[in-house]
Amino acid sequence: MTPARPGWTPWLYLLPALAVLGALLVYPIWQLGLISLLEYTQAQVSGGEPTSFQGLGNYTALFSDPQFRQVLLATVLFAAACVVATLAVGCALAVLLTRVRAVPRLALMLAALGAWATPAVTGSTVWVFLFDPDHGPLNRLLGLGDFSWTYGRLSAFALVLFEVVWCSFPFVMVTVYAGLRAVPAEVLEAAALDGASQWRIWRSVTAPILRPILLVVTIQSVIWDFKVFTQIYVMTNGGGIAGQNLVLNVYAYQKAFASSQYSLGSAIGVVMLLILLAVTLVYLRLLRRRGGDL
């Protein structure tokens, strides 16, 4: 038996993982794209009408719908706000972890990991209760009385943003903290001796060293926050009053399952996938141009 060439050896080790990923990812994505090109509603599912090929007709109908364009813009803005807030809170607390003693550090880590481990449904329900206009303790503490956070569009998005950041910042905090511990102390001491402020040290010394880690947490946060579903669905009762708090994931759910327009729901899923792929590729390209190590 002829031994395998060295060039193929790594692929032989990766073959089981690639087979699993192909079954779990490639086939569902293929089916998603296929359904988005068909006329596939409840009539086709029940066998009452034949399935017909629509080509890009579903995408044309989607992008000509003013509600879809509004939901797409709201999703992009909401995801961007969540990513920026999550990175800011996570990085700030990671820096704080390097400045406090062991006991406060352990307490903060345990509290953060508890928030991270909380299921999205449970966390969303708790946050809705905390800001409930009738019984919410935080509304009373802030002196807001019977103010309803979920009634207004911006206040509802703000409430969901708080919950998303609360359950997402621990990943950023722990990852960045691990990177900070790996930064050579001599470099930081040299920058401090040169008279650099803490913000200057972070921006000019620490951040460039942590660039690969920041890349990972940023892309991961973009993916998580762009496809938020549970928090919006639970906290705004399915998308808010008259759909004012819809995001693409909830909108796709409504189209596919509430309206039985499975082809339109699949088309929205494909659009989301392409947007996330584009964001990731652009970010990687910019990083390579700046000479970052991946």
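The numbering scheme is per chain: residues are counted from 1 as the chain's sequence reads. Per-residue local features of the predicted model are confined to residues with pLDDT of at least 70, and side-chain atom pairs are confined, for both listing and counting, to 80 or more; whole-chain, interface and lining totals are unaffected and use all residues. Only hydrogens and water are set aside when side-chain values are computed; all heavy atoms of the structure are taken into account.

1. Some details on helix H11 (residues 211-226)
- Under the DSSP-based scheme used, a helix requires at least four consecutive residues in state H or I and a strand at least two consecutive residues in state E, with every element numbered from the N terminus. By this rule, a helix spans an expected 1.5 Å times one less than how many residues it contains. An ideal rise of 1.5 Å per residue puts 22 Å on 16 residues; H11 measures up with 22 Å between its terminal C-alpha atoms.
- Three labels apply to residues, based on accessible area from a 1.4 Å probe with only protein chains included: buried if under 20% of the type maximum, exposed if over 50%, partly exposed otherwise in between. Among all positions of H11, only Leu214, Leu215, Val217, Thr218, Ile219, Ser221, Val222, Asp225 and Phe226 are buried.

2. Notes on the packing of aromatic side chains
- Note on ring pairs: Phe, Tyr and Trp rings are taken, using the six-membered ring of Trp, and paired if centres are within 6.5 Å. Classes follow the plane angle, with under 30 degrees stacked, over 60 edge-to-face and the rest tilted. By the definition in use, this model includes 16 aromatic pairs.
- Centre to centre, the rings of Phe68 and Tyr251 are 6.4 Å apart; their planes meet at 35°, and the pair counts as tilted. Here Phe68, found in helix H4 (residues 66-97), pairs with Tyr251, found in helix H13 (residues 248-258); they are 183 residues apart in sequence, far enough to count as distant. Each member of the pair, Phe68 together with Tyr251, is buried.
- With 5.5 Å between their ring centres and 80° between their planes, Tyr233 and Tyr253 make a pair best called edge-to-face.

3. Things to note about the confidence of the model for the protein chain
- Per-residue confidence from the predictor is reported as pLDDT, a score between 0 and 100. Per-residue pLDDT for the protein chain has a mean of 87; in total, 96% of the residues score no lower than 70.
- Between the elements of the protein chain, mean pLDDT differs from a low of 81, seen in helix H9 (residues 185-193), to a high of 94, seen in H4.

4. Re unusual backbone geometry
- The phi dihedral of Asn237 is positive, around 60°, even though this residue is not glycine.
- Structurally, Asn237 can be placed in the loop between helix H12 (230-235) and H13.
- Of note in the backbone geometry, Ser260 takes a positive phi value of approximately 60° without being a glycine.
- Within the secondary structure, Ser260 is located in the loop between H13 and helix H14 (262-289).
- Ser260 sits in the buried class, given a relative accessible area of 17%.

5. Digging into the environment of Pro208
- As for its position among the elements, Pro208 is in helix H10 (residues 198-209).
- Overall, the relative accessible area of 34% leaves Pro208 in the partly exposed class.
- Taking the C-alpha atoms as reference points, Pro208 and Ala85, separated by 123 residues in sequence, lie 20 Å from one another.

6. Side note on the nonpolar core
- Remark: nonpolar core denotes a set of buried residues (Ala, Val, Leu, Ile, Met, Phe, Trp, Tyr, Cys) joined through side-chain atoms within 4.5 Å. Ranked by internal contacts, the top residues of the largest apolar core, which has 58 residues, are Phe68, Phe78, Met173, Val176, Leu248 and Ile268.
- The dominant element in this core, judged by the number of residues it contributes, is H4, at 14 residues.
- In this view, Leu248 contacts Phe68, Val71, Leu72, Thr75, Phe226, Ile268 and Met272; residues no more than four positions away in its chain are not counted. Any two residues whose heavy atoms approach within 4.5 Å are treated as being in contact.

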